[in-house]
Structure formats: structure tokens, C-alpha cells
Amino acid sequence: MITDVNPFVYSHPLAPEDIIDRDQETHDLLANAVGGHYVRLYAPRKYGKTSLLKRALLEGELNEGLTPILVDLYRVVSIADVTIRFERAYATALKGALRGKIESWLQQNGLGLSLGAFGISAKIQLSPKGVEPLAALHTLLDLPQRLEEHGSYRAFIALDEFQDVNNIPSLDGIMRSHFQHQAAFASYVFAGSEPGLMKQLFENRARPLYGSAVPMRLGRLPRDELAAYVANRFTQTGREVGEALHPLLSAADGHPQRSMLLAYHLWEQVNQGETATLDSWARAYEAALTELDPEFDAAWRRLSVNHQKTMRAVIAGQGSPYRASALTRFDLEKTNAQWSVKQLIGTADLEQEGRQQRVVDPLFAAWIRRLNFAGMPRDMEEAAPGQAATPDT
């Protein structure tokens, strides 16, 4: 039986009890939910947004008596798609007598909705022309009221990857027609990972959801909390993180998922009963970048040439792509760089930090930095100042 298991999880959302230092964010989400407020939660991808939502939903159920619903809207492309996501979310969340009452009510409406295995998703696959997804969606969007009628104190509904409703014309208007009447018995969190699209939905006066949610941004993890988490997990599995902790924290730069990925690879380099060294850290860092190379290469190829130049200029300009040396090196016009920066902030590839910009993903920044120094002597790269330098050795 395998008992010596790597304790650092980076390939899927963490369990609520494993989340690092999100106590205040969880409290804020629940305080808004209990108060009947709607929240717009933004976090770049891989920042632990879904893990935070799951923790808030669980604590809301256990401590506040809320009925938790998590709807994953990632890459929805049609009304039928959205309808299926809502139906399956309620099927997953509702239990016991409340589920039975809602199931009975759904079966009486004649739209093919069900919390069992043969709901609208099965009907769409078997006979798509005989299904009315829009009518079914209206019914599902009304479910918080039905929950309240059947004894639920308040529904707490998290809509994950909410920016993807932009893929479906008028969907935000359809949703608003229901949400605006539900504050007395439902609270919503609209969670998204692309700030540009979320701004379109909530900050454009012409859009139905304009000004309808309290903004909340999920930031990087504090260095001291990460340090304690990593060190404790090493100790609990019969190892010590030792002198490798400092370069790991520097390379991760508070990024939640990248912190776990680097810790995972470092743990793999250290035998039980041993302590990590700078040499084991260097091997772990290279292993992490090797694993990520196909992902970064694909992401890079999806960027336009101007966006690529701007990302490289941010690294070369130590946070500013507008330095003359960076603009000249990459044959980049300042106006094009300014436009690209705005676009890249909107897609959460870059973020503003004071008057400077930085790459959101610190390991992608390191990958781009190596691209900038391709063909140059290694000692020149290591001596160069700037963001996401190679690991301390």
C-alpha cells in the first residue's frame, strides 16, 4: 500500500479544508450573502476561485443555513447548454425532503426537467427538436423562489466562469429578469476569470447587469501563509523544506496554483528523512518549467504578434513596456504597446501594479524571460535584473 504521497495538489481545485489563507474572503462572501447582496468575484485563472466558492458554499450551509448551489458556466455556448448546467447543479446540491419537493414540482411543469438521470439533458440528446430550452431555463431561474416556498432559508448561488454568458446573446438580460426579484430569498456570486468581459457585463451602462453586484477581487497569497503551509506539509510527510523555501516563494510570487506546482516538484526531489537543498530546488524548478512548456507554447501562439512583443517588452522593461530600449528591441510602437497592455489586462495575462505592469503567471514570466535571452550566455541572463528571474541558487 502506498503511504508516502505527495501532499501538494495543483491539478484540480483544493478541498475546502486545504485552502490557504482565504478566511477574510470567505467571511466577506458569506456576509454579503446573508445580507442579501450580490457579489462580482474576479480572479485570474488558477487563483483558487473555484476552491474559494466551494468553501464559502460549504460554510454557508453549515454555519448560516444557506442552500448552496454551484453552477459551472465554463464555455457555455447556447441556451440549452446553460439550461443543462443549471439543472445538473440543482441535482447535485439538493438533498432530502427539499429535493423531493422540488423534483415533484419540476415534473408537474411538463418541460422535461428533472433532478434525476432523465432530465432535460437526456431529452435534448434523444430528441432535441422536441425540447424548449428557453422555457426550461426560465423555470430553473425561478427555482430560488420555489426553494423558499418549500422551506429553504436562503439560496446561495455561485455562478462560476460567469464571463462566458457573453457567448450567448441576451442571456444576461434573461438572467436579470429573474435575479432582480430574488434578493429577499437568494444571493448570487458572479465569479469570473477575465476582467475585460466581467467589466462589459457589470460596468457598461448599456448592459442589463450594470451596477448590480459588489466587486471583490481575489489577490495573491501572503508569503508567510504560503511559507507555513509548505513547511508544514514537508514536515508532516517526513521531510524538511530547508533552504529551498526562499527561492520557491520568490519564484511562485504568491500565485496559488503555481505555488502548489513548485512545491509538488520540490517534494518529488526530496527523499523521506531528508532536507531540500538548493540543488534539489534547481531540479524541481526545471521540472516544473519543462512540464509547463507545452502549455506556455500554446498560449504564446494564441497571442497576436503585438501582444507577444508587448509581453516581452514588459519583461525586458522590468515592468514597463514603454522604455525606449524595449520598444526599439522588439520593433514596437508605443501606441500599439498601450493598446496591447489594455487588452492583456482584460484577459488577465497582465495586471497593473502602480504605474507598472507584470505578467500574472510568474512561471509564464520566467518562460518569456528565457525567450528574451535565447542565444545569450547563461550568466548574462542570471545577472539581468527584472521580473521572474531564474531561481536563487
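What counts as what
- Residues numbered from 1 in each chain as written.
- Predicted model: local features only at pLDDT ≥ 70, side-chain atom pairs only at ≥ 80, totals over all residues.
- Heavy atoms only, no water.
- Pairing = 2+ DSSP bridges.
- Helix = DSSP H or I, 4+ residues; strand = E, 2+ residues; numbered from the N terminus.
- Axes fitted to C-alpha atoms, helices over the stretch in contact; angles between N-to-C directions.
- Contact = heavy atoms within 4.5 Å.
- Parallel < 35°, antiparallel > 145°, perpendicular 65-115°, else oblique.
- Nonpolar A, V, L, I, M, F, W, Y, C, P; charged D, E, K, R; others polar.
- pLDDT = per-residue confidence, 0-100.
- Buried < 20%, exposed > 50% of the residue type's maximum accessible area, 1.4 Å probe, protein only.

### Brief notes about the sheet that holds strand 2 (residues 66–72)
Then comes step 1: With respect to topology, five strands assemble into an open sheet ordered 2-3-4-1-5, the strand pairing being parallel. Each edge of the open sheet is held by one strand with a lone partner, namely strand 2 and strand 5 (214–217). With direction set aside, neighbouring strand axes in the sheet form an average angle of 20 degrees.
Then comes step 2: Taken together, the four bridges between strand 1 (residues 39–42) and strand 5 define a ladder with parallel strand orientation. Looking at strand 5, one finds that Val39 is bridged to Val214.
Then comes step 3: In the packing of helix 2 (residues 49–64) onto the sheet, the strands contacted are strand 1, strand 2, strand 3 (154–160) and strand 4 (186–192), and the crossing angle to strand 2 comes to about 160 degrees.

### Notes on the packing of helix 13 (residues 278–302) against helix 17 (residues 362–372)
Then comes step 1: At a closest axis distance of 9 Å, the pairing of helix 13 and helix 17 adopts a crossing angle of 80 degrees. What the angle tells us is that helix 13 and helix 17 run roughly perpendicular. Residue-level contacts link Tyr285, Glu286, Leu289, Leu292, Asp293, Phe296, Asp297, Ala299 and Trp300 of helix 13 to Leu363, Phe364, Ala366, Trp367, Ile368, Arg370 and Leu371 of helix 17.
Then comes step 2: Within the contact of helix 13 with helix 17, the residues separate by chemical class into twelve nonpolar, no polar and four charged.

### Some remarks on the confidence of the model for the protein
Then comes step 1: Summing up the model confidence of the protein, the mean pLDDT is 92 and the portion of residues at 70 or higher is 93%.
Then comes step 2: This model gives residues 383–390 a pLDDT under 50, and the stretch forms 23 contacts once residues within four places in sequence are excluded.

### Digging into the pairing of strand 2
The side chains of a regular strand alternate, first on one face of the sheet and then on the other.
Then comes step 1: The buried count for strand 2 comes to five of seven residues, which makes it a mostly enclosed element.
Then comes step 2: Relative to strand 3, strand 2 is paired through seven bridges, and the arrangement is parallel. By the bridge assignment for strand 3, Ile69 is matched with Ile157.

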